[in-house]
Amino acid sequence: MGRSLPRSLILAVGVAVALALASCGGDSKDKGGTATPAAPPTPAGTTVASDDGALSILIPDGAMPEGTQVSITAVPNDQLPVELSQLLGSGTGYLLEPDGLTLSQPATATLTLQRSELDDEEGAQSAYGLVSFSATAGREVLDSNTSHTLGEETVTVQAEIEHFSYISRTKGALYVGLNGLQRRRGVGEQYELTAGVDNFRGSIVAITNIGARWLDGAPVALTTPREVPLEDIGGEAGSHASTRATFSCERPGTGSNGINVRGVSHVIDLPDLTTTLALTLEDVVECVEGTVVQPTSPPSTEAPPGPVLHLEQNIGCEHTNPGVSSELQKRGRLTDDAGIPVRGVVVSELASGPGLVYDEENPGPEVRAGDVTNENGEFELVWTIVSGGPYTTTVERLSLITVLAKLDGSSTSSSQYTVTEVCVPPAQVR
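What comes next is a walk through the structure. (Residues numbered from 1 in each chain as written. Predicted model: local features only at pLDDT ≥ 70, side-chain atom pairs only at ≥ 80, totals over all residues. Heavy atoms only, no water.)

### Some words on the side chain of Arg115
Worth spelling out the cut-off: Under the DSSP-based scheme used, a helix requires at least four consecutive residues in state H or I and a strand at least two consecutive residues in state E, with every element numbered from the N terminus. As used in this structure description, the phrase polar contact means that two N or O atoms lie within 3.5 Å; if the pair is within protein, one of them must be able to donate a hydrogen and the other to accept it, and residues adjacent in sequence are counted only when both atoms belong to side chains. A contact between two residues is defined here by any heavy atoms of the two lying within 4.5 Å.
With respect to the helices and strands, the residue Arg115 is situated in the loop between strand 5 (102-114) and strand 6 (124-134). Polar contacts involving the side chain of Arg115 include one to the main-chain carbonyl oxygen of Glu121, which spans 2.6 Å. Apart from the residues within four sequence positions on either side, Arg115 is in contact with Asp120, Glu121, Glu122, Gly123, Ala124, Gln125, His148, Glu152, Glu153, Thr154, Val155 and Arg343.

### Examining the pattern of salt bridges
Selection rule: For this document, the term salt bridge refers to a Lys or Arg side-chain nitrogen within 4 Å of an Asp or Glu carboxyl oxygen.
This structure, assessed with the given rule, holds nine salt bridges. With its nearest N and O atoms 3.1 Å apart, the salt bridge here joins Arg185 to Glu189. With its nearest N and O atoms 2.8 Å apart, the salt bridge here joins Glu349 to Lys330. With Glu349 in strand 22 (residues 346-352) and Lys330 in strand 21 (residues 325-335), this residue pair connects regions lying 19 residues apart in the sequence.

### A few points about the pairing of strand 19 (residues 274-288)
Which entries qualify depends on this criterion: Whether two strands pair depends on DSSP finding at least two bridges between them.
Two elements, strand 8 (residues 144-149) and strand 19, share six bridges in a ladder whose sense is parallel. The partner of Asn145 across the bridge, within strand 19, is Ala278. As paired elements, strand 11 (residues 184-186) and strand 19 share three bridges and run parallel to each other. Of the residues in strand 19, the one forming a bridge with Arg185 is Cys287. Counting the residues in the hairpin turn of strand 18 (residues 253-267) and strand 19 gives six residues.

### A few points about a negative patch on the surface
Note the cut-off: Residues with no salt bridge and a relative accessible area higher than 30% make up the patches, which join like charges within 9 Å and nonpolar side chains (Val, Leu, Ile, Met, Phe, Trp, Tyr) within 5 Å. Per-residue and other accessible areas follow the Shrake-Rupley method at a 1.4 Å probe size, with only the shown protein chains counted as cover for residues. Within this scheme the basic residues Lys and Arg register as positive and the acidic residues Asp and Glu register as negative, but His and the chain ends are omitted. By convention, the point assigned to a charge is CZ for Arg, NZ for Lys, CD for Glu and CG for Asp. Burial here depends on accessible area, computed with a 1.4 Å probe over protein chains only, as a share of the maximum for the residue type. Under 20% is buried, over 50% is exposed, and the range in between is partly exposed.
On the surface, a cluster of negative charge is contributed by Glu140, Asp143, Glu160 and Glu162. The residue Glu140 is located in strand 7 (residues 138-141) in this model. Using a relative accessible area of 41% as the deciding quantity, one classes Glu140 as partly exposed.

### Some details on the side chain of Thr208
Looking at where Thr208 falls in the secondary structure, it is placed in strand 13 (residues 205-217). Of the residues examined, Thr208 reaches a relative accessible area of 17% and is grouped as buried. Apart from residues no more than four positions distant in its own chain, Thr208 is found in contact with Asp232, Gly263, Val264 and His266.

### A few points about a nonpolar patch on the surface
Taken together, Ile204, Val267, Leu270 and Leu273 make up a surface patch of nonpolar side chains, about 350 Å² in accessible area. Relative to the helices and strands, Leu270 is located in the loop between strand 18 and strand 19.

### Details of the environment of Glu231
Its location among the elements puts Glu231 in the loop between strand 15 (227-229) and strand 16 (233-234). Along the backbone, Glu231 and Thr208 are 23 residues apart, and their C-alpha atoms lie at a distance of 7.6 Å. The contacts of Glu231, once residues within four sequence positions are left out, are Ile210 and Ala241.

This is the structure in structure tokens:
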């Protein structure tokens, strides 16, 4: 909960507003001029929207001093503090004013994202987190809920805030997809959905305490357990969990099916710094009388065959920690057989070599890394190293959630690289 403002400050704000209103009244009559009215205070218990309409803040009644005027201004990514502009998946940020205002009750921030700007495949969605930053409070990744109804053009991310500062977003490691979706079902039909849960930053981030809650909306009814615990996924890029549920169309009408997945995310090297991420995926289902012909396929316990992709890659080294360590960096691009970039592919690779660092307690010589391709089919993998190598990186897994992909015959799954020197810091000027 936020810290209450001192009574002296509340009184000062009220006096300042009263003086401003007074100056706009009597003086204008005496001088015969037209006064500019003072900006109205923001009513308590109201919702304030940003100037671009993408971010809104619901402020509870009594959460701020009377007479406070609230504004939310969109800030381009390149004008944000570096603590926000360099976040994975960051974009336009927002300045909440008055800067430094502390709320006596948390307010609810809701950010609306255009799905076309994100790199998620059809039927799947990444969890995002809202991030606040101020010079006094620093940067904080807030416990956040991401929601998307399949087929709609927007994704919403929601979190509670306790003070006014900069707000932006970051892409979390939690990635969820649904298989078996069908918009039209016959009354009495039973069908199955499979949810795949991925951690595409598994070599850096762990997701623990994962639980899934299947969702249904009448006339669609869930016929299997609603709450399902899932195994932790972390410590290995591309680590994966899945769960299945059965639904039934009980009568004619339009209903829904979907899933909510919640987990605790933390950087493996910083286990005490945690963020709770939740993700809801839903889809509309129309239940109709009669038999609905569905695509048929022979039953199989194996994953359906996935696409064959082409990989272009390059690898190099960049200095990160003067005199101590560097980063082995690999950049790649995946395209289909027509040369079109494929986004939303979870890439997992294993690096081996003598100078790899996993963490202080578990040094190499093998470390995994993962990423998800963007709209240009591009991905980037990073390993910390403390020697020149040589190093080998090998593609272990390409996945579009629950569908595995493979490389074509012209792609090289392994590459080798020797760092001629572990980036030596420049001489310090004394």
